[in-house]
Amino acid sequence: MIPFYQCKEWRQLRVQALERDNYECQECKRRGKYRRGKNVHHIKEVKDRPDLALTLENLETLCIQCHNEIHDKRLKKDKRKPFVNEERW
C-alpha cells in the first residue's frame, strides 16, 4: 500500500492547492504579509477528518514557519498523545 502523502491523488491535489493559492502562504496573507508557501496544510486534520483528506476546500498553502506554528499550537492544546507521522511532507 502506498503511503497517503505519496499517492497520486494527494500529489495532484497538492499542486492544485498551491496553484489556487498562487504559492503564497495564506496565514501570512491573513496577517497582511507575504511569504512563499511550500506546504499544503489540511485545515481539518486528516486524523480527525479522514473524509476530507482529498478535499481541495480543506487545504491551504502555508510557509514552513506558519505550518510549524499551527501544529505546535495544536499539540499544546491537545492533551492526548501527540500524533506522530513518519512520512515527510
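Refer to the structure presented above.
Residues numbered from 1 in each chain as written. Predicted model: local features only at pLDDT ≥ 70, side-chain atom pairs only at ≥ 80, totals over all residues. Heavy atoms only, no water.

## Brief notes about the overall build of the chain
When helices and strands are tallied, the chain shows three helices and two strands. Counting helices and strands in the order they occur from the N terminus, the chain gives α-α-β-β-α. Taking the contacts inside the chain whose residues are at least 6 apart along the sequence as the reference set, 64% of them involve residues at least 24 apart. (Helix = DSSP H or I, 4+ residues; strand = E, 2+ residues; numbered from the N terminus. Contact = heavy atoms within 4.5 Å.)

## Quick notes on the pattern of salt bridges
As enumerated under the stated definition, the model contains seven salt bridges in all. The residue Glu-27 makes a salt bridge to Arg-31 at a minimum N-O spacing of 3.5 Å. Using a relative accessible area of 18% as the deciding quantity, one classes Glu-27 as buried. Residues joined in a network through salt bridges with shared partners are Glu-27, Arg-30, Arg-31, Glu-60 and Glu-69. (Salt bridge = Lys/Arg side-chain N within 4 Å of Asp/Glu carboxyl O. Buried < 20%, exposed > 50% of the residue type's maximum accessible area, 1.4 Å probe, protein only.)

## Digging into the pairing of strand β2 (residues 59-62)
Side-chain positions along a regular strand alternate between the two faces of the sheet. Neither face of β2 is open: one carries Leu-59 and Thr-61, the other Glu-60 and Leu-62, and all of them are buried. Bridging between strand β1 (residues 39-42) and β2 involves four bridges; their strand directions are antiparallel. Each bridged residue has a counterpart across the sheet, and for Asn-39 the counterpart in β2 is Leu-62. (Pairing = 2+ DSSP bridges.)

## What about the packing of aromatic side chains?
The description of an aromatic ring pair uses the distance of the two centres, along with the angle that the planes make with each other. Counted under the stated rule, the structure contains three aromatic pairs. Residues Phe-4 and Tyr-5 carry aromatic rings whose centres are separated by 4.8 Å and whose planes lie at 80° to one another, so their mutual orientation is edge-to-face. Overall, Phe-4 belongs to the partly exposed group, its relative accessible area being 24%. Exposure remark for Tyr-5: the relative accessible area of 17% places this residue in the buried category. Residues Tyr-5 and Trp-10 carry aromatic rings whose centres are separated by 5.3 Å and whose planes lie at 90° to one another, so their mutual orientation is edge-to-face. (Phe/Tyr/Trp six-rings, centres within 6.5 Å; stacked < 30°, edge-to-face > 60°.)

## Brief notes about unusual backbone geometry
The phi dihedral of Asn-22 is positive, around 55°, even though this residue is not glycine. Mapped onto the secondary structure, Asn-22 falls in the loop between α1 (8-20) and α2 (26-30). We note that Tyr-23 has phi near 55°; this positive angle belongs to a residue other than glycine. Within the secondary structure layout, Tyr-23 lies in the loop between α1 and α2. On the basis of relative accessible area, Tyr-23 is assigned to the partly exposed category, the value being 29%.

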